[in-house]
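What follows is each chain in one-letter form.
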Amino acid sequence: MSKTIPFQLGLLALAIGSALPLFPGASNVAHAAISDRQENIRALQSKGIYWYERFRFDLAAQSFNKILLLDPSNASALRWHGLVDLARGDIQAAQVWLGKLQSVHGPNSPSAIELKQAIALAGSKRQAFAELRYLSNSENVPADLPQRLSNLLDEPPLGDAAVQIYGLMANTPEGAVRARAAVQGLVRQFPDDNRYRLLLSRLGGTTETNPPASLAQAAAIQVSPRRNPVQSRPATPAPATPAPVAVPEPEQGPLVSNFEQGQQLGEAAQKRIEAKDVPGAVDLLEKAVALNPDYPWFRYDLATLLDDQGDANSKARAVEVMQEGLALNNGSEMRFASALLATRQDRGQDALRLIDAVPRAEWSEGMTALSKRVRYGRHLDDLRELSAQGRYNEVATALAAAPTWRAEPEIQELERNLRQRRQARLRMSYENAEIDGDPGVSFIKSTEIPLQLDMPLDFERTLFLRMDTLRTAAGRASPDATNFGKLGTTVATDPAIDPNRLNQNYKGHVAGLGIQTDNWRFDLGSNVGDMPVTDWVGGVQWRTDIGEAGSLRIDLARRMVGGSVLSTAGAIDPLTGQTWGGARRNGLSAVYYTPITPTLDFVGIGRANLITGKNIPDNKEFNLQGILSKTVFQAPGHRVEVGASLFLWSFEKNLRFYTFGQGGYYSPQAFGSLSLPITWTANVNGWSWQLQARVGASESREKQTDLYPLNPELAQAAAAQGNATVDTGGPGGGVSNGFRLSVEKQVIPKLILGGLFEIDRSEGYNPDRGLVYLKYAFGEFFELSVPPEGITPYSRF
């Protein structure tokens, strides 16, 4: 921040002040505006400190940022930003804030001195302060401790440094007098800073200033903003009793010398660790523990090193190290260190048992934070387990019963997910598809407008309504065309043909309703409207997770059969007016997914169906498919896969023709294909897309079939007119290629627009398909699908 800002602000204030007398009433307005801004700053600072004391450093930083928007040079906000970064363990970031403070307010300003001292205690002075803290809590406190504490920093301590240093200084009679005198001076110098009044009260001094405003402020003097609240630990041991182990006796007394030797051994052990000499590091730390057997943190360093080895014996030995320490020193710090190890080893209950045995009055900031973390972790694990099981109603109940954690980001995310599960959603699309064929017979041009409305019943169950518009057209059959004999019961020259029945074009709706959860889906519906054959559809679907990332989905369903107007909607015979077709696939299907490696996936699909319809024979269908996908490139937001898909397919009967009694759907007796796709999936800046190109080859065989399988009389009439009554079938197949592009865009948080274009080219089968769709949430948010996912027409559920 520029040094000229205060000067510029001063000029601006001078100019405004000079102009105010020229405008009656302007002075009062200006003073009111300044007062309001100061009140806002005080409120924001109180809010920031509130969140800081509760270890919500992100929210605290937000409050202090808002202060800087109102007053870019506010010393308190700049200082608090530095303290927040120290609490997060980021000394470098705190030094940046210190530089801004010194630039704007000068290096000797109280805020700059306070932050500089906090940084020093967290950095360059950390080891020295750790030793002094240890000495102040030992049984034999050195007489010169107050002087050594006074000499620790270049200036008299302020802020958090004063709270810590004078608190330790008071552990000697002389130091208590000096500490009270120093803190009384700070109270007079900074009468609005509650930390000094509270510290003076704790030291036994008196002051005429007001008492603390809240218990939270009283607790604040125990909070050190320069350390991570969970990982912080005192750096000073209790007195050591055994003789030194393989370390030369220092010149100073055994108390200090053993500790210093332990520190030296710890530093040497760290170098061994960096050199990947774990046994050597363990040996050095064991010596440090032997020198200071009841000092928790050398034991903790040894235990964590053993725990990091990962094997069961080392982990068990780590537990023994801390248990041996507890047998010697059952104090709060040893319990805290043991609880930290238990937390590392996912023994949360043990961690709570260890620190709960410490009287609350003796709890340090770290103990409080660890207890909160463990309890919160158990609570969060329970909620996540319920969520993984799809028991969202119980998640909502548990959240309501435990409001303590409502401010935590993970809890807020769970609540956000719950809100999304209760919001109604609308999905709809417009799709065009076309398949080449004989006009009025096998040609098909379809338009589908799927629409689904999701209406949650609670957090787990959603009622969905389907109302799809379906227009399917084969065109007009010409009585003069040679292909007319391929349709229905008649021949081109029959005089009884009704011209109104030559158009094989139909429209209507496919409607239904259902209920779904994360694991189940039930639906029931039917096609309705101007269609020759109407019949019901529906099914039950069940899905479950298998292993850590696998899944299995099973469907028992009755669904429409696509591929032609005849199979989808049915057809009307131009001569007799009879209807046939409208095939339905009734059966069981299973889809299994499993990741083989982090970059290799497998999908297996199996289906068994009985196909029925109006005035067509029943037909059995079986297919198997296996798909392997290999990720060959991955970057943030991008993934490229190559794959291989083997598909095997078989029908009992060949019913792919359009004469009366045939089904109008491709039904080979043997079919096998191998396709090789390459797929690029991306998710960038609110866009999601998937691009796929594929090549393949197939072989098929169709057996002979009667063109009028249910009516020998029709076969005789066709034969009399010289028309074919049997198709001999035969082999088929060839090479194929295809292209598919799908894309989604999150236009606003609750609205997504998307589209798809696909072409497929193979011998005798050349479909083109295009669609656009939207997804809208009557709430906060509709998540972007990766890869893009529109709405499946109910006719192809």
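Here, the structure is the one placed above.
Residues numbered from 1 in each chain as written. Predicted model: local features only at pLDDT ≥ 70, side-chain atom pairs only at ≥ 80, totals over all residues. Heavy atoms only, no water.

Q: So what exactly am I meant to see when it comes to the pattern of salt bridges here?
A: Close approach of charged atoms allows side chains of opposite charge to pair. Scanning all chains against the criterion turns up 43 salt bridges. In this structure, the salt-bridge partner of Arg 42 is Glu 39, at a minimum N-O distance of 2.7 Å. Here Arg 42 pairs with Glu 39, and both are found in helix α2 (residues 26–53), just three residues apart, close to one helical turn. Classification of Arg 42 as partly exposed rests on a relative accessible area of 46%. You can call Glu 39 partly exposed: its relative accessible area is 43%. A salt bridge links Arg 796 to Glu 431, with the nearest nitrogen and oxygen atoms 3.0 Å apart. Here Arg 796 is found in the segment after β20 (768–778), whereas its partner Glu 431 is found in strand β1 (residues 424–435), with 365 residues between them in sequence. Residue Glu 431 is classed as buried on the basis of its relative accessible area of 2%. (Salt bridge = Lys/Arg side-chain N within 4 Å of Asp/Glu carboxyl O. Helix = DSSP H or I, 4+ residues; strand = E, 2+ residues; numbered from the N terminus. Buried < 20%, exposed > 50% of the residue type's maximum accessible area, 1.4 Å probe, protein only.)

Q: Even after reading the chapter, I still don't get the environment of Ser 589, so can you show me in this structure?
A: Here Ser 589 shows up in strand β10 (residues 579–597). What makes Ser 589 buried here is its relative accessible area of 15%. Considered as a pair, Ser 589 and Ala 608 are 19 residues apart in the sequence and their alpha carbons are 6.4 Å apart. Ignoring anything within four residues of it in the chain, the contact list for Ser 589 reads Arg 553, Ile 554, Asp 555, Gly 606 and Arg 607. (Contact = heavy atoms within 4.5 Å.)

Q: Would you mind going over the nonpolar core with me for this structure?
A: One recurring pattern in soluble globular proteins is that nonpolar side chains are buried together. Trp 297, Leu 302, Met 322 and Leu 370 are the most contacted members of the largest nonpolar core, which totals 38 residues. Secondary-structure elements contributing two or more residues to this core are α13 (254–274), α14 (278–291), α15 (296–308), α16 (312–328), α17 (332–344), α18 (348–356) and α19 (365–388). Listed in part, the 27 residues of the second largest apolar core include Ala 60, Leu 78, Leu 86 and Ala 87. (Core = buried A, V, L, I, M, F, W, Y, C linked by side-chain atoms within 4.5 Å.)

Q: Would you take a moment to explain the packing of aromatic side chains for this structure?
A: Both the distance between ring centres and the angle between the ring planes are used here to describe each pair of aromatic rings. Scanning all chains against the criterion turns up 21 aromatic pairs. Taken together, a centroid distance of 5.7 Å and an interplanar angle of 80° make the contact between Trp 297 and Tyr 300 edge-to-face. On the criterion of helical spacing, the pair formed by Trp 297 and Tyr 300 is a turn pair, its members being three residues apart in helix α15. In this structure, Trp 297 and Tyr 300 share a single accessibility class: buried. With a centroid separation of 6.2 Å and an interplanar angle of 45°, the aromatic rings of Trp 520 and Trp 542 are classed as tilted. Residue Trp 520 is located in strand β6 (residues 520–530), and its partner Trp 542 is located in strand β7 (residues 536–546); the two are separated by 22 residues in the primary sequence. Here the aromatic cluster, defined as three or more aromatic residues joined through ring pairs, consists of Phe 647, Trp 649, Phe 651, Tyr 665, Tyr 666 and Phe 671. The ring of Phe 459 is capped by Arg 422, whose NZ or CZ atom sits 5.4 Å from the centre of that ring. (Phe/Tyr/Trp six-rings, centres within 6.5 Å; stacked < 30°, edge-to-face > 60°. Lys NZ or Arg CZ within 6 Å of the ring centre and 35° of its normal.)

Q: Can you help me understand α16 in this one?
A: Because an α-helix completes one turn every 3.6 residues, residues spaced three or four positions apart along the sequence face the same direction. Taking 1.5 Å per residue, 17 residues should reach 24 Å; α16 reaches 25 Å between its end C-alpha atoms and fits that length. For α16, the set of buried residues is Ser 314, Ala 318, Val 321, Met 322, Gly 325 and Leu 326. With its buried residues spanning 135° around the axis, α16 presents them on a single face. Opposite its buried face, α16 presents the exposed residues Ala 312, Asn 313 and Ala 327, each directed more than 90 degrees away. Two or three places before Asn 313, at the opening of α16, Asp 311 has a side-chain oxygen 3.3 Å from that residue's backbone nitrogen. (Expected span 1.5 Å × (residues − 1). Arc of directions from axis to C-beta. Polar contact = N/O pair within 3.5 Å; in protein donor to acceptor, adjacent residues only side chain to side chain.)

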